[in-house]
Amino acid sequence: MVIMVLTTTASFAQAVSGDVEADTVAILPRERQSYRPTGLRMGTDLLALIITQQQKRFAGWEVNADVDFGRYYLAFDYGSWANQYTVRNGFYDNNGRYYRVGVDVNFLLKDPDRNMFFLGFRHGRSHYTDSIAYTFTDTNFGIIEKIEVNPGVDARWSEITGGIRIKIWKVIWMGYTARFKFGLKTEGERGVRSYDVPGYGLTIRPSTWGYNYQLFVRLPLPKKK
Amino acid sequence: MVAGLWVSVSCFEEGDCLVTNSNIVVVDFRKVADKKAVQPVAISSVDVLGGVNLYRNQELSQLKLPVDPHLTETHFIIRQASKTDTLGFSYRNQSVVLAPDCGAYLYQFDLAVTRNTFGPDKVRIVNNALNTNIKSNVEVYF
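Remember, it's a predicted structure, so these values are computed and weren't measured experimentally. (Residues numbered from 1 in each chain as written. Chains lettered and ligands numbered in written order. Predicted model: local features only at pLDDT ≥ 70, side-chain atom pairs only at ≥ 80, totals over all residues. Heavy atoms only, no water.)

Q: Tell me about the overall build of chain A, and name the residues and values.
A: Regarding its fold elements, chain A presents two helices and eleven strands. Secondary structure elements of chain A occur, N-terminal to C-terminal, as α-β-α-β-β-β-β-β-β-β-β-β-β. Buried positions account for 37% of the 225 residues belonging to chain A. Pairs at least 24 apart in sequence give 63% of the contacts found in chain A among residues at least 6 apart. (Helix = DSSP H or I, 4+ residues; strand = E, 2+ residues; numbered from the N terminus. Buried < 20%, exposed > 50% of the residue type's maximum accessible area, 1.4 Å probe, protein only. Contact = heavy atoms within 4.5 Å.)

Okay, structure coming up:
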């Protein structure tokens, strides 16, 4: 009580005198963070659709959704991926579905439109088939023709994500997501080692990059009355 | 910056053509009495069972035995002046794409002895993968 009175008196004195610069720091009560979701954002990866149109060897799509809990966003991706590679002595292809689930953390906390710059992580899972057909010549056993199929492979991996989400108009949003993918594990590979994993990409290095350009619709969730 | 990133990512898309596959089982002959040192052995002939002749009338301390990529098991007949032995190996084939420009190659793993007339304690697998970096897969003691 005494402190409050003294503080108030001191402030009043400064305001009255007018010749003292306001070098005091205002201590405001910390704004309480609400974790109540305000909107569901759903969208699709335009890059996957464009590449599907432009390239004969790839066919795929991906849908994305997230929902906010304060500065945290629960994110979910689901996609389809079929890729074909003509290799020097044959042909490799795969076909499968994948999903990723994770959390993004928004670093633009005071944007009135809820635009976001985020970093996050994902856990990815994929189930697919892949096959290979090729020929080679062995000096002792002649020409070898190999056709190998993995009928059902399960893969899992981790991702560190980063990107932006920007409100374009009313409920329409766009976004970029960059993905650093690593820690790939596969189960069910038989006669062919997977060269390309749906949702992950090429397996020839221990880590890889992915990129999405997304268009979203954000549906506001009803507010608590 | 985006173009630079795209180029750098594209460069990493293709693997190097570092081809290390081999269907050769490397067999060393080692003499127990001489502290298991590699020793040459007089070989009359070595054949793939039902197929190719690999060696004839040579003194060798190491055999390079090619397994059949069509199959998952290959047997070899090893003839010396006084006896004939059989060595059979099972293995798992796996096709690997190194990169589209490099092509696909067949690798053999999980090498195991399935037939051995040298004696149960005379043959030992020291490395069960076949590739060009491996100096020895099997040791035969005499």
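Q: Any details on the sheet that holds strand 4 (residues 90-106) of chain A? Residues and values, ideally.
A: All names here are of chain A. Around the barrel, which closes on itself, the eight strands sit in the order 1-2-3-4-5-6-7-11 with antiparallel pairing between neighbours. Neighbour-to-neighbour, the strand axes of the sheet open up by a mean angle of 25 degrees, direction not taken into account. As defined by bridge partners, strand 3 (residues 72-87) adjoins strand 4 across 16 bridges and the pair is classed as antiparallel. The residue of strand 4 that forms the bridge with valine 87 is glycine 90. (Pairing = 2+ DSSP bridges. Axes fitted to C-alpha atoms, helices over the stretch in contact; angles between N-to-C directions.)

Q: Can you break down the environment of A:Tyr92 residue by residue, with the values?
A: With respect to the helices and strands, the residue A:Tyr92 is situated in strand 4. C-alpha of A:Tyr92 to C-alpha of A:Ser194: the two residues are 102 residues apart in sequence and 9.2 Å apart in space. Not counting residues up to four positions away in its chain, the partners in contact with A:Tyr92 are A:Asn83, A:Gln84, A:Tyr85, A:Asp130, A:Ser131, A:Ile132, A:Val192, A:Ser194, A:Tyr195, A:Asp196 and B:Val97. A distance of 3.1 Å separates a polar atom in the side chain of A:Tyr92 from the backbone nitrogen of A:Tyr195. Here the side chain of A:Tyr92 touches A:Asp196 through a polar contact of 3.4 Å, landing on its backbone oxygen. (Polar contact = N/O pair within 3.5 Å; in protein donor to acceptor, adjacent residues only side chain to side chain.)

Q: Give me the lowdown on the pairing of strand 1 (residues 24-31) of chain B, citing residues and values where you can.
A: All names here are of chain B. Strand 1 sits mainly inside the fold: six of its eight residues count as buried. With five bridges connecting them, strand 1 and strand 5 (residues 62-66) associate as antiparallel partners. Within strand 5, the residue paired with isoleucine 24 across the bridge is proline 66. Here four bridges tie strand 1 to strand 10 (residues 138-141), and the two strands are oriented parallel to one another. Each residue of the ladder has a partner; that of aspartate 28, found in strand 10, is glutamate 139. Where strand 1 lies against strand 2 (residues 37-38), two bridges are found, and the strand directions are antiparallel. Of the residues in strand 2, the one forming a bridge with arginine 30 is valine 38.

Q: Which residues make up the interface of chain A and chain B, and what values do they have?
A: Between chain A and chain B, the contact holds 25 residues from the first and 29 residues from the second. When chain A packs against chain B, close to 2300 Å² is buried across both sides, 56% of that on carbon and sulfur atoms. Per-residue buried area on chain A facing chain B is highest for A:Phe141, A:Arg193 and A:Arg205; these three make up 27% of the total on that side. Linking chain A to chain B there are zero salt bridges. (Buried area = accessible area lost by both parts, 1.4 Å probe. Salt bridge = Lys/Arg side-chain N within 4 Å of Asp/Glu carboxyl O.)

The values are spatial; any link to function lies outside them.
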